[in-house]
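A structural walkthrough
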Amino acid sequence: MELTLTSDQEALVDAFAGFLAKESPPQAVRAAEPLGFDARLWSKAVEMGVATMALPDGGAALLDLALLAELVGRHLAPIPFVEAAVAGRVLGEQRQLATIALRPAVDGVARLVPAAAVATAVIALDGNELVVVEGRPLPLAANMASAPLADCDLHAGERTVLATGAEAVARHARALDEWRALAASVLYGIAASALDIAVAYAKQREQFGKPIGAFQSIAHRLADDATAVQGLQLLSRKAAWALDDDPTEGGRLAAMAYLWGGEVANKVAGDSLHYHGGYGFMLEYDIQLHFRRAKLWSVAMGDPRAAYTRLGYQLFSGAA
Amino acid sequence: MNFASTERAESFRAEVRGFLAEHVTDEVRRRVEETGTHHDWGLHRAMADRHWIAASWPEEYGGLGWGPWEMNVLEEELFLAGAPRDGMSLTMTATNAIHHAGSDEQRRSVIPRVLSGEILLCLGWSEPDAGSDSASAKTRAARDGGSWVINGQKMFTTMAHEATYVFLLTRTNTEVPKHRGLTMFLVPTDTPGFELQPVHTLGGERTNITFYSDVRVPDSARVGEVDHGWDVMRVALSYEHGTSWGAHLERLVQRGAAWARATGRIEEPSVAERLARAATDAEVAMLLGQYSAWVGESGRISDVEASMAKLFSSEALVRHSGELVDVIGPEALLKDGQPGSVADGDFEHAYRQSVVRTIYAGSSEMQRNIISQRGLGLPRG
Ligand SMILES: Cc1cc2nc3c(=O)[nH]c(=O)nc-3n(C[C@H](O)[C@H](O)[C@H](O)COP(=O)(O)OP(=O)(O)OC[C@H]3O[C@@H](n4cnc5c(N)ncnc54)[C@H](O)[C@@H]3O)c2cc1C
């Protein structure tokens, strides 16, 4: 076990963090609403190589991508980094902006596909076929999180079958494992930045003659949150690492990291908002941005509780 | 960055597992359960023979030079095996402080007997009116010529009935702020004036009240400087706080899963969901424990990380032992040996026992104070 980043990883993180700090400040995040996409930011990120490095021969480990996803979460960057990375790894190329449907299609339609309102290719599991459908970005399904969701009719564009039967299912499942691991990293980033905001506010805001962070009921909940955030960082990084290096554990850890990440991000964003008092409820304050996004990331695949149940079957009964 | 365990640690894990399978017999477990003394001399001495009770110490002091990482493996395996470990961990908390702050003579006379497994030490810190705020201790030590006379009472002096010494926190000065008037002693438990009374607890574990009536010890029994006992305590507390119960939770998950498969109840969504949640928290708890160990290994002080591991793992243990009892139903509460009892009564036992994990070795509130003040830099209340 070696928990320091390698010097390469550190350089990668520094470069991307610097880039997002400059290019994706809260004003830019707000300006990108309601679509949740900043085309200029994305093309700069692509120029930096963050899309191509995700490719199977792009030289990055999934853990490296996880580190970038953390920063996407931290800065609430309006770019489809996770979607493009996962889709790119399925297609083996980054010719265009591709994304992937998280839930199997019903009657040939994949509903509320992340980034489908900005992508030109959507990968989906349609019955026993893994398909990619190319076309123009689809109409935005306006949503609370200001994310570029769209419904995708899988027969309406140029449809290519990538795989069928067991292979289709397996490739889709692998892609979803990767998505879960990277989504957990995004959730970690959202939670970590929500915590930072809460702590800074609790030090500065005074009531009853002292900073509100001196009240134990606040300090203690933030201590619980800090603990959960630390645990999530470890679990999400371990999941990404394991998908490359410890395949028997990867799927299990990715599922855990994603589910737990959803709980942590929602709780920490909610606590942080709460400890802003009425100001947290004002659109002018940033914490509402975290609050809205955490919920979408955590519910994107459907009911987390049902997913915990499936995980339980998978881990402990041997049945799927 | 990688999460792979080292080959050395894993080969050590296999060795520990084999050793514990041999030494932590059902008979040992039964005796622990019956007496409430979470210590077994046979196991303890067999571990001492392997230099495992102070394995983190350098070889020249009788250890094996293991890092926190290997120590974490040892802890994990002790929990997974359900091994009694209180005697060892209390003793080593005191011994680490003595190693750090004791006199040469104390190091020479006490430590070798500890490391050989011959004797145990216990911790006399808490008092009726001084628990979390242990620095407000009132047990008085007064100088009388070349010796000290001690009077007072300590609560929860666990293992005092097996220990050769109490590592005792006393007040030597009432004229100064509370942290600056404390002094530590190593008091032999056969000293006249020392008495103890057993205390039985919800978890089944026996502890003691200890009484000190004109207990006279020579100045050579003092550990550290007069009135500077808190410096010594801080060293001891940093060892004490470093406990993670993640592996105990993992043991419950494994036993719960075995029960669910054997009874077919794994088919029920609420059972599967609960087990998955418990397994997830166990993973997080173990990672936090490993992280704290890793921070220690890289030479930094891991106080905040240790507090996080202790806080999360103990709270998760309480939460999930309750949840697991719920999914199993009233059968979970049957005592070991009762017809129909589940997993040797492990769940009813865990339900009772886990409560104390959030109280001793720094209660959850104390851990949250450390995390919020030292970790997050929030002001004191
Ligand atoms: C089984 C068992 C074994 C033990 N073994 C030992 C031993 O070997 N040696 C030894 O010295 N002690 C031992 N203890 C004592 C243990 O360390 C204390 O119980 C613990 O420190 C709490 O002290 P207390 O019981 O006096 O509770 P108190 O300190 O009175 O706390 C009561 C409650 O108030 C909370 N609280 C206290 N202060 C604050 C604060 N500042 N902010 C917020 N909340 C606060 C606590 O978290 C707790 O919930 C043992 C206890 C038990 C139950």
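Residues numbered from 1 in each chain as written. Chains lettered and ligands numbered in written order. Predicted model: local features only at pLDDT ≥ 70, side-chain atom pairs only at ≥ 80, totals over all residues. Heavy atoms only, no water.

Our next topic: the overall build of chain A. When you go through chain A residue by residue, the secondary structure sums to 10 helices and eight strands. Relative to a compact globule of 320 residues, whose C-alpha radius of gyration would be 20 Å, chain A shows 19 Å and is just as compact. C-alpha extents for chain A along the principal axes are approximately 65 × 45 × 40 Å. Within chain A, the fraction of its 320 residues that count as buried is 58%. A sequence separation of at least 24 residues applies to 70% of the contacts in chain A between residues at least 6 apart. Per element, the accessible surface of chain A, about 12,600 Å² overall, is 55% carbon and sulfur. Counting 27 positive and 36 negative side-chain charges, chain A places the centres of these two groups 6 Å from one another. (Helix = DSSP H or I, 4+ residues; strand = E, 2+ residues; numbered from the N terminus. Rg over C-alpha atoms; globule rule 2.2 N^0.38 Å. Buried < 20%, exposed > 50% of the residue type's maximum accessible area, 1.4 Å probe, protein only. Contact = heavy atoms within 4.5 Å. Areas by Shrake-Rupley, 256 points an atom, 1.4 Å probe, with all protein chains shown as cover. Lys, Arg positive; Asp, Glu negative; His and termini not counted. Charge placed at Lys NZ, Arg CZ, Asp CG, Glu CD.)

With that settled, consider the confidence of the model for chain B. Residue-level pLDDT values for chain B average 94, and 99% of them are 70 or greater. Confidence metrics for the complex model read pTM 0.96 and ipTM 0.96. (pLDDT = per-residue confidence, 0-100.)

Our focus in this paragraph is the domain arrangement of chain A. Residues and elements named next belong to chain A. Looking at chain A, the domain boundaries give domain 1 (7-91), domain 2 (98-165) and domain 3 (169-316). Its C-alpha centre places domain 1 at a distance of 19 Å from the equivalent point of domain 3. If you look at the interface, domain 1 gives 21 residues, while domain 3 gives 30 residues. Across the interface of domain 1 and domain 3, roughly 2,200 Å² is buried in total on both sides, 62% from carbon and sulfur atoms. Applying the counting rule to domain 1 against domain 3 returns six salt bridges. A salt bridge links Arg292 to Glu33, with the shortest nitrogen-to-oxygen separation between them at 2.9 Å. (Domains from an automatic or database assignment. Buried area = accessible area lost by both parts, 1.4 Å probe. Salt bridge = Lys/Arg side-chain N within 4 Å of Asp/Glu carboxyl O.)

What follows covers the sheet that holds strand E1 (residues 98-100) of chain A. Residue and element names in this part refer to chain A. Taken in spatial order, the four strands line up as E1-E3-E4-E6 in an open sheet, and their pairing is mixed. Two strands close off the open sheet at either side, each with one partner strand: E1 and strand E6 (158-164). When strand polarity is set aside, the average angle formed by the axes of neighbouring strands in this sheet is 25°. As paired strands, E1 and strand E3 (residues 121-126) are joined by three bridges and run parallel to one another. Looking at E3, one finds that Ala98 is bridged to Ala121. In the packing of helix H6 (residues 165-204) onto the sheet, contacts are made with E1, E3, strand E4 (129-134) and E6, and the angle to E6 comes to roughly 100°. (Pairing = 2+ DSSP bridges. Axes fitted to C-alpha atoms, helices over the stretch in contact; angles between N-to-C directions.)

Time to look at the pairing of strand E2 (residues 140-144) of chain B. Residues and elements named next belong to chain B. The sheet contact formed by E2 and strand E3 (residues 147-154) spans five bridges and is antiparallel. In the sheet register, Ala142 faces E3, and the bridge partner there is Val149. Once E2 ends, the chain turns through two residues before running back antiparallel as E3, passing Gly145 with a positive phi of about 65°.

All names here are of chain A. Contact geometry of helix H1 (residues 7-23) with helix H4 (residues 62-74) gives a least axis separation of 10 Å together with a crossing angle of 25°. Classed by the angle they form, the pair H1 and H4 counts as roughly parallel. Between H1 and H4 lies a crossing of right-handed hand. Where H1 abuts H4, its residues Gln9, Leu12, Val13, Phe16, Ala17 and Leu20 lie against Leu63, Asp64, Leu67, Leu68, Leu71 and Val72. Residues belonging to the contact of H1 with H4 are distributed by class as follows: 10 nonpolar, one polar and one charged. (Parallel < 35°, antiparallel > 145°, perpendicular 65-115°, else oblique. Left-handed = near helix turned anticlockwise from the far one by under 90°. Nonpolar A, V, L, I, M, F, W, Y, C, P; charged D, E, K, R; others polar.)

What follows deals with the interface of chain A and chain B. Taken together, the contacts link 44 residues of chain A with 43 residues of chain B. Both sides of the chain A and chain B interface together cover about 4,100 Å² of buried area, and 71% of this is carbon and sulfur. For the chain A face of the interface with chain B, the top three residues by lost area are Met1(A), Leu3(A) and Phe316(A), together amounting to 21%. Summed over the shared surface of chain A and chain B, the result is five salt bridges. Between Arg277(B) and Glu263(A) there is a salt bridge, with its nearest N and O atoms 2.6 Å apart. The tally of links between chain A and chain B comes to 13 residue pairs in polar contact (both at pLDDT 80 or more). Taken together, the elements giving at least two residues each to the side of chain A that touches chain B come down to H6, helix H7 (216-245), helix H8 (247-274) and helix H10 (304-316) of chain A. For the side of chain A that touches chain B, the element with the most residues is H7(A), which contributes 15 residues. In terms of residue class, the side of chain A that touches chain B is built from 24 nonpolar, 12 polar and eight charged. (Polar contact = N/O pair within 3.5 Å; in protein donor to acceptor, adjacent residues only side chain to side chain.)

Our focus in this paragraph is the domain arrangement of chain B. Residues and elements named next belong to chain B. Examined at the domain level, chain B breaks down into domain 1 (7-84), domain 2 (121-231) and domain 3 (241-375). One C-alpha centre belongs to domain 1, the other to domain 2; they are set 28 Å apart. At the junction of the two partners, domain 1 supplies six residues and domain 2 supplies six residues. Of the roughly 510 Å² buried where domain 1 meets domain 2, counting both sides, 53% is carbon and sulfur surface. Ranking the residues of domain 1 by area buried against domain 2 places Gly36, Thr37 and His38 at the top, with a combined share of 64%. Where domain 1 packs against domain 2, one counts zero salt bridges.

Inspection of the region around the ligand gives 16 residues, with Ser126(B), Ser132(B), Phe156(B), Ser363(B) and Glu365(B) positioned closest. In this structure, the ligand is bordered by residues of chains A and B. Between the ligand and Phe156(B), the relevant distance is 3.0 Å, taken from a nitrogen atom to a main-chain nitrogen or oxygen of the residue. Within the side chain of Glu365(B), one N or O atom sits 2.7 Å away from an oxygen atom of the ligand. Considered on its own, the ligand offers 960 Å² of accessible surface; in the complex 67% of this is hidden by protein. Considering only residue class, the shell around the ligand consists of eight nonpolar, six polar and two charged. The two domains that each donate at least three residues to the shell around the ligand are domain 2 (121-231) and domain 3 (241-375) of chain B. (Near = heavy atom within 4 Å.)

Attention now goes to unusual backbone geometry. Residue Pro34(A) follows Glu33(A) across a cis peptide bond; omega there is 5°. When you line up the elements, Pro34(A) lands in the loop between helix H2 (26-31) and helix H3 (39-48). Backbone geometry places Leu76(A), a non-glycine residue, at a positive phi of 50°. Residue classification places Leu76(A) among the buried positions, given a relative accessible area of 8%. One non-glycine residue, His51(B), lies in positive phi territory at about 65°. Residue position: His51(B) is located in the loop between helix H3 (41-49) and helix H4 (68-80). Using a relative accessible area of 39% as the deciding quantity, one classes His51(B) as partly exposed.

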